[in-house]
Amino acid sequence: IMAADNHQFANSVVKREGKDDIVVTQAYSKSTNISDIDLVIDKESGDVVSSKSEILPIDPKNISADKAVTLMVQKAREDVKPLLERKVGFAEEFISRNIEGANGESELGRMIADAQLWAAKEKGEDVQISMMNIGGVRADLQQGDVTYEDVYTIQPFGNDLTKLTLSGTQLKTILETQNIHDWVIGMQQGKYNRPRMLQVEGFTYKWHPELVNGNWVVK
């Protein structure tokens, strides 16, 4: 298993009785390390006979770009340049993705949630509320002309807008299972000053952190 996304270190072997062991690695993030994994495989059976792994530190500043890959990226960018430069709107002011208050709200996050609600209604959908993951808001919205590239930089994913029906109990469960534990601990340690919450539109709610079974949760 080559893990990623939470930007941590892992280099372990999970022992399983009666089953194959599992090698688990994760090389931090941002190309500061690389996972070097060696597998010895039986050519006839296809089974892994032995394995070893190592997390190697590297310095991206001392690595030259691969010429062939660089040319591929340059060509791809030229191919989509007309699309990227297409103007899609105008922002009268700068809108930040930063969490601005202790409640976990982001101005741009709320605006995206509002835009999603609007987009669904424009399609004739009967929707009342929307929720947006703040981790999916990757850049600020700059003042002035807004291009397709600006929009794609803010949300560089192929996500679909999903409609579903929730009961009040289900909505309460969603809100109360937001993972704020790491953020509360981080705030206590001085690493973070605000929690990261779902950005919502169409309704409001009040919350406070509560310690349950050793984990901070939303109540």
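Residues numbered from 1 in each chain as written. Predicted model: local features only at pLDDT ≥ 70, side-chain atom pairs only at ≥ 80, totals over all residues. Heavy atoms only, no water.

(A) Broad picture of the overall build of the protein chain. Looking only at helices and strands, the protein chain features 5 helices and 10 strands. Its C-alpha radius of gyration of 23 Å places the protein chain more than 25% over the 17 Å reference for a compact globule of 219 residues. Seen through its principal axes, the protein chain has C-alpha atoms that stretch 60 × 55 × 40 Å. Within the span of the protein chain, comprising 219 residues, buried residues form 23% of the whole. For the protein chain, restricting intrachain contacts to residue pairs at least 6 apart in sequence, the fraction spanning at least 24 positions comes to 53%. Just so you have it, the protein chain exposes about 16,100 Å², and 51% of that area is on carbon and sulfur atoms. Of the charged side chains in the protein chain, 25 are positive and 33 negative; the average position of the first set lies 2 Å away from that of the second. (Helix = DSSP H or I, 4+ residues; strand = E, 2+ residues; numbered from the N terminus. Rg over C-alpha atoms; globule rule 2.2 N^0.38 Å. Buried < 20%, exposed > 50% of the residue type's maximum accessible area, 1.4 Å probe, protein only. Contact = heavy atoms within 4.5 Å. Areas by Shrake-Rupley, 256 points an atom, 1.4 Å probe, with all protein chains shown as cover. Lys, Arg positive; Asp, Glu negative; His and termini not counted. Charge placed at Lys NZ, Arg CZ, Asp CG, Glu CD.)

(B) Focus on the pattern of salt bridges. In this structure the tally under the stated criterion is 10 salt bridges. The closest approach of N and O atoms between Asp21 and Lys15, which form a salt bridge, is 3.1 Å. Residue Asp21 is classed as partly exposed on the basis of its relative accessible area of 40%. Two residues, Arg110 and Glu105, come together in a salt bridge whose shortest N-O distance is 2.7 Å. Relative accessible area serves as the criterion here: at 27%, Arg110 is assigned to the partly exposed category. By relative accessible area, Glu105 is classed as partly exposed at 30%. A single network of salt bridges, built from pairs that share partners, joins Glu105, Arg110 and Glu201. (Salt bridge = Lys/Arg side-chain N within 4 Å of Asp/Glu carboxyl O.)

(C) Fine view of a negative patch on the surface. A cluster of like negative charges, contributed by Asp20, Asp42, Glu44 and Asp47, occupies part of the molecular surface. Assignment of secondary structure puts Asp42 in the loop between strand 3 (33–41) and strand 4 (48–57). A residue is classified by how much of its surface remains accessible, and Asp42, at 32% relative accessible area, is partly exposed. (Patch = residues over 30% accessible without salt bridge, like charges linked within 9 Å, V, L, I, M, F, W, Y side chains within 5 Å.)

(D) Structural detail: helix 4 (residues 168–176). Every buried residue of helix 4 is accounted for by Leu171, Leu175 and Glu176. Axial view of helix 4: buried residues confined to an arc of 130°, hence all on one face. (Arc of directions from axis to C-beta.)

(E) Structural detail: a nonpolar patch on the surface. Among the surface-exposed residues, Ile34, Ile58 and Ile63 lie close enough to one another that they form a single nonpolar patch of about 250 Å² accessible area. Residue classification places Ile58 among the partly exposed residues on the basis of a relative accessible area of 31%.

(F) Fine view of the environment of Leu84. Tracing the backbone shows Leu84 in helix 1 (residues 67–84). What makes Leu84 buried here is its relative accessible area of 14%. Beyond its immediate sequence surroundings of up to four residues, Leu84 is in contact with Arg77, Thr147, Tyr148 and Glu149.

(G) Broad picture of the nonpolar core. Counting 13 residues, the largest nonpolar core has Leu108, Ile112, Met132, Val137, Leu141 and Ile154 as the members making the most contacts within it. The element best represented in this core is helix 2 (residues 107–122), accounting for 3 residues. Beyond its immediate sequence surroundings of up to four residues, Ile154 is in contact with Leu108, Ile112, Gly136, Val137, Arg138, Ala139, Asp140 and Leu141. (Core = buried A, V, L, I, M, F, W, Y, C linked by side-chain atoms within 4.5 Å.)

(H) Focus on the packing of aromatic side chains. This structure, assessed with the given rule, holds 3 aromatic pairs. When the ring of Phe9 is compared with that of Tyr28, the centres are 5.6 Å apart and the planes differ by 35°; the resulting orientation is tilted. One end of the pair, Phe9, is in strand 1 (residues 9–14); the other, Tyr28, is in the loop between strand 2 (22–27) and strand 3, with 19 residues separating them in the sequence. Owing to a relative accessible area of 40%, Tyr28 belongs among the partly exposed residues under this scheme. Ring geometry for Tyr148 against Tyr152: centres 6.2 Å apart, planes inclined by 15°, an arrangement best described as stacked. Of this pair, Tyr148 and Tyr152 both sit in helix 3 (residues 148–154), 4 residues apart, roughly one helical turn. (Phe/Tyr/Trp six-rings, centres within 6.5 Å; stacked < 30°, edge-to-face > 60°.)

(I) Structural context of the pairing of strand 4. Pairing of strand 3 with strand 4, which is carried by 9 bridges, proceeds in the antiparallel orientation. Across the sheet, residue Ile34 finds its bridge partner in strand 4, namely Leu56. The hairpin turn running from strand 3 into strand 4, its antiparallel successor, is 6 residues long, and Gly46 in that turn takes a positive phi close to 80°. (Pairing = 2+ DSSP bridges.)

(J) Layout of a positive patch on the surface. The grouping of Lys30, Arg97, Arg138 and Arg196 at the surface amounts to a positive patch. By the element assignment, Lys30 lies in the loop between strand 2 and strand 3. Using a relative accessible area of 71% as the deciding quantity, one classes Lys30 as exposed.

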